[in-house]
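Fold and contact review
Take a look at the letters that make up each chain.
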Amino acid sequence: MKNLVDELFPFGEPDTPGRRVVRTVFEAFIVYATIQLAWSWGLYVLNIREIVLPLGLARYVDISFMFGNSLPLANAGMITVLVIAGFFRLGRWPYAAAFGLLLVQYAARFSLGEIPHSSNLAGMGLLGFALGALMYRRRLDASRFAIGFSYFYIGLGYTLAAVSKLVSRGPAWADGRHLWMWIQEKSVDQLSKTGTMQLNSLQEVALADHTAATMFLSIGLLTETFAFLVWWRRFRVPVCIAILGLHMGIYLTMNIMFSLSVYELLILGLPWAVWLDRTVFRRAAGARVLESS
Amino acid sequence: MGRNAVVGVLFAYAVLVATNLGEFWPFSIYPMFSQAGNPWSRAVVSEVDGVEAFSWEATTLDRLAGRPFATKPNGVDPIDLANFVSKTEIWSPGRLAALRTMFFGDDRPDRSIVVYRVLGQLENDNRVVVEAIPYALISPDSTQLNTSLRTR
């Protein structure tokens, strides 16, 4: 357990310019994602009048007070101000307050039946920064906590998805006929969304060949099952690349793109800090040595 | 401190998903696509020119009335629409009005559209069979409902 804690939260590790860049970029991404979600959700709530399926907070609080007025926009504005304040460390509570208000915004937006998952990783990232800011005075420690927290819940989330599938259907979940059903279903969604329905080459291959369709699902299921290995640094890059491949496969077969999750995996999953330290910052350090001599 | 925070959140995660049908954003058991092979229900919309000769019979996707009406450019999320249509059990006047508001806000409809519920299921011969059932016809002057749907 101690080793896993050290893998996720390397507080004693020396800092480098490359690591500082990655931490700052990730935090800026979480701020951007929060603002984007707050406004896109808020604008959509303006056209909602009825609760069909209450989710989250809406199961305990009548969220209809958010309908038929400009509260969703005011809430989005407040969330924006709070995350920017959090990014510039104007107090230790802004991120936590923004997280609370975003819970309300989510409950209002998703009260018509849809249960999305495209924003869950970004939400966990915001929670990580909120907790980090509350627990640690130093920005370095708070950011390291948020990143380790994010790695933990990335691994947990994808592995839970595999568990849900295996509990529901067992290994038979990967039967290629299931992919046929989803391709048809998502094609109808595409028709609804754009007015046209067009299958791509990968979808046509899957629909024509049961073995290929089964293989696609099997690879996806295995990727999710072993996603928890991202908790250990030596597996982080290959597991994140595999998950990125999973998302690409989901996009090509079912026209679903989890954009925010993909961006987060690109930031956290690739060894940017190592590359930057070995190239940009090594050259800069070498130049400074030459100048001083 | 970091480990304690992760464990604390994990406990909250477990309690919240266990008591809220697996979902309490941003916590989730991620059950999407776990119900493999089950019949599914979606929605599509057509724009029609007249309402007089409209048929309420179920049909196929290649024989929908009028022409396709794209929901996204018109500010409607297709998943929301699909869930709204499939999860509504009683089509009260308020629910019908909410469907109209989803498309046209508080404005009078400027065209006539048909909202179909689309059902898909796997047959024994490994074919996916898809059927479209007209649920509502929204026009500038009226909103009509398929008479087979429950209104109270």
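I will try to describe carefully the structure that is included in this document. Only a predicted model underlies this, so the values are computations on that prediction, with no experimental measurement involved.

For chain B, the count of helices and strands is three helices and seven strands. Mapped from its N terminus to its C terminus, chain B presents α and β elements in the order α-β-β-β-β-α-α-β-β-β. Here chain B has a C-alpha radius of gyration of 20 Å; the compact-globule value for 152 residues is 15 Å, and the former is much larger. Dimensions of chain B, computed from the C-alpha atoms along their principal axes, are close to 70 × 45 × 35 Å. Relative to its full complement of 152 residues, chain B shows a buried share of 50%. A sequence separation of at least 24 residues applies to 57% of the contacts in chain B between residues at least 6 apart. A total accessible area of about 7,500 Å² is found for chain B, and carbon and sulfur atoms account for 50% of it. When the 14 positive and 16 negative side-chain charges of chain B are each reduced to one mean point, those points stand 6 Å apart.

Before going further, it helps to examine the packing of aromatic side chains. In the structure shown here, the tally under the stated rule is 30 aromatic pairs over all chains. Each ring, one from W41 of chain A and one from Y106 of chain A, has its centre 5.6 Å from the other, and the planes form 75°; the classification is edge-to-face. A residue pair is termed long-range when its members are at least 10 positions apart, and W41 of chain A in helix 2 (residues 17–45) and Y106 of chain A in helix 4 (residues 94–109) qualify at 65 residues. Between F152 of chain A and Y153 of chain A, the aromatic rings sit 4.9 Å apart at their centres with planes inclined by 85°, giving edge-to-face as the arrangement. With relative accessibility at 8%, the residue F152 of chain A sits in the buried group. Relative accessible area serves as the criterion here: at 3%, Y153 of chain A is assigned to the buried category. Taken together through their ring pairs, the aromatic side chains of F9, F11, Y136, F145, F149, F152, Y153, F228, W231 and W232 of chain A together with Y13 and F27 of chain B make up a single cluster. Across from the ring centre of Y151 of chain A, 4.0 Å away, lies the NZ or CZ of R236 of chain A, which sits over that ring.

This part covers the side chain of S34 of chain B. Within the secondary structure, S34 of chain B is located in the loop between strand 2 (27–28) and strand 3 (40–48). A distance of 2.6 Å separates a polar atom in the side chain of S34 of chain B from the backbone oxygen of P31 of chain B. What S34 of chain B contacts, discounting residues up to four positions off in sequence, is S164, K165, S168, R169 and W173 of chain A.

On to the sheet that holds strand 3 of chain B. All names here are of chain B. In spatial order, the strands read 4-3-5-6-7; together these five strands make up an open sheet with antiparallel pairing. Where the open sheet ends on each side, the last strands, each with one partner, are strand 4 (67–68) and strand 7 (143–145). In terms of strand pairing, strand 3 meets strand 4 through two bridges, oriented antiparallel. What sits directly across from S46, in strand 4, is P68. Across the face of the sheet, helix 2 (residues 78–87) comes into contact with strand 3, strand 5 (112–122) and strand 6 (128–138) while running at roughly 105° to strand 3. With respect to the sheet, helix 3 (residues 93–104) is in contact with strand 3, strand 5, strand 6 and strand 7, its orientation differing from that of strand 6 by roughly 95°.

Before going further, it helps to examine the interface of chain B and chain A. Across the boundary between the two partners, chain B contributes 61 residues, which contact 65 residues of chain A. Of the roughly 5,800 Å² buried between chain B and chain A, counting both surfaces, carbon and sulfur atoms make up 67%. Interface area lost by chain B to chain A is led by W25, Y30 and F33 of chain B, which between them contribute 16%. Between R109 of chain A and D77 of chain B there is a salt bridge, and its shortest N-O distance comes to 3.2 Å.

For the rest of this paragraph, the subject is the environment of A74 of chain A. All names here are of chain A. Take A74: it is sitting in helix 3 (residues 71–87). The class for A74 is partly exposed, based on a relative accessible area of 47%. Remark: the alpha-carbon pair of A74 and W39, spanning 35 residues in sequence, is separated by 9.6 Å.

Moving on, we get to the nonpolar core. F149 and Y153 of chain A are the most contacted members of the largest nonpolar core, which has 67 residues in total. By residue number, the principal contributor to this core is helix 6 (residues 139–169) of chain A, which donates twelve residues. Listed in part, the 34 residues of the second largest apolar core include V45, V52 and A58 of chain A together with F104 of chain B.

Conventions and cut-offs
- Residues numbered from 1 in each chain as written.
- Chains lettered and ligands numbered in written order.
- Predicted model: local features only at pLDDT ≥ 70, side-chain atom pairs only at ≥ 80, totals over all residues.
- Heavy atoms only, no water.
- Helix = DSSP H or I, 4+ residues; strand = E, 2+ residues; numbered from the N terminus.
- Rg over C-alpha atoms; globule rule 2.2 N^0.38 Å.
- Buried < 20%, exposed > 50% of the residue type's maximum accessible area, 1.4 Å probe, protein only.
- Contact = heavy atoms within 4.5 Å.
- Areas by Shrake-Rupley, 256 points an atom, 1.4 Å probe, with all protein chains shown as cover.
- Lys, Arg positive; Asp, Glu negative; His and termini not counted.
- Charge placed at Lys NZ, Arg CZ, Asp CG, Glu CD.
- Phe/Tyr/Trp six-rings, centres within 6.5 Å; stacked < 30°, edge-to-face > 60°.
- Lys NZ or Arg CZ within 6 Å of the ring centre and 35° of its normal.
- Polar contact = N/O pair within 3.5 Å; in protein donor to acceptor, adjacent residues only side chain to side chain.
- Pairing = 2+ DSSP bridges.
- Axes fitted to C-alpha atoms, helices over the stretch in contact; angles between N-to-C directions.
- Buried area = accessible area lost by both parts, 1.4 Å probe.
- Salt bridge = Lys/Arg side-chain N within 4 Å of Asp/Glu carboxyl O.
- Core = buried A, V, L, I, M, F, W, Y, C linked by side-chain atoms within 4.5 Å.

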